[in-house]
Amino acid sequence: MTAQGVAILGSTGSIGTTALRVLARHRDRFAVRALTAHGNAALLREQVDAWTPDFVALVDGNGAAPATWRRGAAALVEAATRPDVDIVLNAVVGAAGLDATLAALGAGKRVALANKESLVVGGALVADAARRGGGVVVPVDSEHSAILQCLGGRDATEVKKLVITASGGPFREWSAERVRAASVPDALRHPTWSMGRKITVDSASLANKALEVIEAHFLFGIGYDRIEVVVHPQSIVHSMVEFRDGSVLAQLGVPSMELPILYALSHPERLDDAGIPAFDAVAAGRLTFEAVRHEAFPCLGLGLAAARAGGAAPAVFNGANEQAVALFLEGKVPFGAIAEGIALALEQHAGLAGGNLDALWHADALARRTVRETLGC
Ligand code: NAD
Ligand code: MG
């Protein structure tokens, strides 16, 4: 069997570097043909030396880079549509990943999708692009990988509900007041997962679970009233599916992204991989579940309301969240301002249509501007 060509968009990030660790163990099956990064030229250069891909792009870096490297955001689309690429691992963070997802699906590629924001901002367009171009989306997100595995190819009509687990983040037991005043180091101290800064803050606010409910809705065609979120602090049960007869299947494993990344590459096949951390039920010990404390984590409810509103509301939610999280990480606003900024943006831009890409980018820009202006930055 000839190796399948892989493009990694966002190769210098948490998912990108983890994916390269996985791919190093499967060189017979997969060949890295394209690598892209935003600004980390030094790490990208190391990766290029190790993997010798044909296509390299540094989207934003100002520093010196070899003349053969592409520059600019269009390079993501170029990498995602190359004829020698079969699988596009989209590990870019934020709405910036959407164009490449659409282009890859339009070109008939498999998209191993870590960039959940693609589905949140443009879920209907992503489904359309896949239908027209013959591409498929396979989720990298651990909860959605779990659901895909539990579904085992069965139809959405056989599903009573999806149960998405959430670790609860570092503030799981904090009072609502204390959460609002949390510092950047507090928010970046995730109890079970090591990830990029933006998703780590999203996990602390539970905005990440709202993004994941929307992601699940578009991936699996399940209505929002049939998707539930439950807190599971150990992050061992990655999610569950309840079928029409009441039977519930769950997928378990240690909290590591290596398995969901490998599965997104090989689905529906399973590959041997001695490097995947083994699960030990006794070592895992007690597994507990609890309800979400919505009063302390308003971002989840705001995201769910945006999801139900539809149109451009999920794009407004996402854009407002991205902007507010960036301001929080810059130390300009308190943690509680993330939810406030999102709420204001959703209120001011309610009812926007989202039928095409221009409308969605317009909604995204409006949301970001509202957050900057109302949070006084
Ligand atoms: P990260 O910040 O560690 O890495 C992001 C990567 O994208 C970097 O390589 C960066 O250079 C690149 N990038 C950033 N902005 C860009 C832009 N505007 N244009 C082009 N490239 C850009 O993030 P991460 O934790 O690896 O997360 C990546 C995506 O995967 C996010 O959508 C996140 O929600 C999702 N995800 C991550 C994890 C995890 O464990 N880290 C788990 C599930 C889902
Ligand atoms: Mg997840």
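Cut-offs and rules
- Per-chain numbering applies: the sequence of each chain, read as written, is numbered from 1 onward.
- Working convention: letters from A go to chains and numbers from 1 go to ligands, in the order in which they are written.
- Restriction of local features to residues with pLDDT of at least 70 applies here, the model being predicted, together with a cutoff of 80 or more for giving and counting side-chain atom pairs; totals for whole chains, interfaces and linings are based on all residues.
- With hydrogens and water set aside, each side-chain value is computed from the structure's full complement of heavy atoms.
- In this description a helix means any DSSP run of H or I spanning at least four residues, a strand means any run of E spanning at least two, and both kinds are numbered starting from the N terminus.
- Accessibility here uses a 1.4 Å probe with only protein chains present; expressed as a share of the type maximum, an area under 20% marks a residue as buried, one over 50% as exposed, and anything in between as partly exposed.
- We call two residues in contact when some of their heavy atoms are within 4.5 Å.
- Ring pairs shown here join Phe, Tyr and Trp side chains whose ring centres sit within 6.5 Å, with only the six-membered ring taken for Trp; geometry is labelled stacked below 30 degrees between planes, edge-to-face above 60, and tilted in between.
- In this tally, Asp and Glu contribute negative charge and Lys and Arg positive charge; neither His nor the terminal groups of the chain are included.
- When a carboxyl oxygen of Asp or Glu is within 4 Å of a side-chain nitrogen of Lys or Arg, the pair counts as a salt bridge.
- Between N or O atoms, a polar contact is any pair within 3.5 Å; within protein, one atom must be a potential hydrogen donor and the other a potential acceptor, and residues adjacent in sequence are included only when both atoms are from side chains.
- We define proximity as follows: a residue is near a molecule or strand when any one of its heavy atoms falls within 4 Å of that partner.
- Residue-level accessible areas treat just the shown protein chains as cover; the underlying method is Shrake-Rupley with a 1.4 Å probe.

**A look at unusual backbone geometry**
- For the bond running from His267 to Pro268, omega is 5°, close enough to zero to count as cis.
- With respect to the helices and strands, the residue Pro268 is situated in the loop between α11 (258-266) and α12 (281-284).
- Of note, Thr52 is a non-glycine position whose phi angle comes to about 40°, a positive value.
- When you line up the elements, Thr52 lands in the loop between α2 (41-51) and β3 (55-58).
- On the basis of relative accessible area, Thr52 is assigned to the exposed category, the value being 59%.
- At Ser235, a position not held by glycine, the phi torsion is positive, near 50°.
- With respect to the helices and strands, the residue Ser235 is situated in the loop between β9 (227-231) and β10 (237-243).
- On the basis of relative accessibility, which here comes to 6%, the residue Ser235 falls in the buried class.

**Details of helix α9 (residues 197-205)**
- With seven of nine residues buried, α9 lies mostly within the body of the structure.
- Among all positions in α9, only Lys198, Thr200, Val201, Asp202, Ser203, Ala204 and Ser205 are buried.
- Packed against the buried residues of α9 are α5 (117-133), α8 (184-187), α10 (207-220), α13 (298-309), α14 (313-329) and α15 (336-348).
- In the segment just after α9, Leu206 is the residue with positive phi, at about 70°.

**As for the packing of aromatic side chains**
- Under the criterion given, the structure shown has three aromatic pairs.
- Both rings, one in Phe171 and one in Phe335, keep their centres 5.2 Å apart while their planes meet at 85°; by these two values the pair is edge-to-face. With Phe171 in the loop between β8 (159-166) and α7 (176-180) and Phe335 in the loop between α14 and α15, the pair connects residues that are 164 residues apart, well separated along the chain.
- What makes Phe171 buried here is its relative accessible area of 0%.
- Here Phe328 and Phe335 contribute two aromatic rings whose centre-to-centre distance is 5.3 Å and whose plane-to-plane angle is 75°, an arrangement assigned as edge-to-face.

**Examining the side chain of Lys109**
- Structurally, Lys109 is set in the loop between α4 (98-106) and β6 (110-113).
- For Lys109, which is buried and forms no salt bridge, the nearest opposite charge comes from Asp86, at a distance of 6.0 Å.
- Looking at Lys109, its side chain comes within polar contact range of the main-chain oxygen of Val85, at 2.7 Å.
- When near neighbours in sequence (up to four residues on either side) are disregarded, Lys109 contacts Ala80, Thr81, Arg82, Pro83, Val85, Asp86, Val88, Ala104, Gly135 and Val136.

**A few points about the site of ligand 1**
- Taken together, 23 residues sit near ligand 1, with Thr12, Ser14, His38, Glu117 and Gly196 positioned nearest.
- Within the backbone of Val92, one N or O atom sits 3.5 Å away from an oxygen atom of ligand 1.
- Within the side chain of Glu117, one N or O atom sits 2.7 Å away from an oxygen atom of ligand 1.
- For ligand 1, whose unbound accessible area comes to 830 Å², protein coverage reaches 87%.

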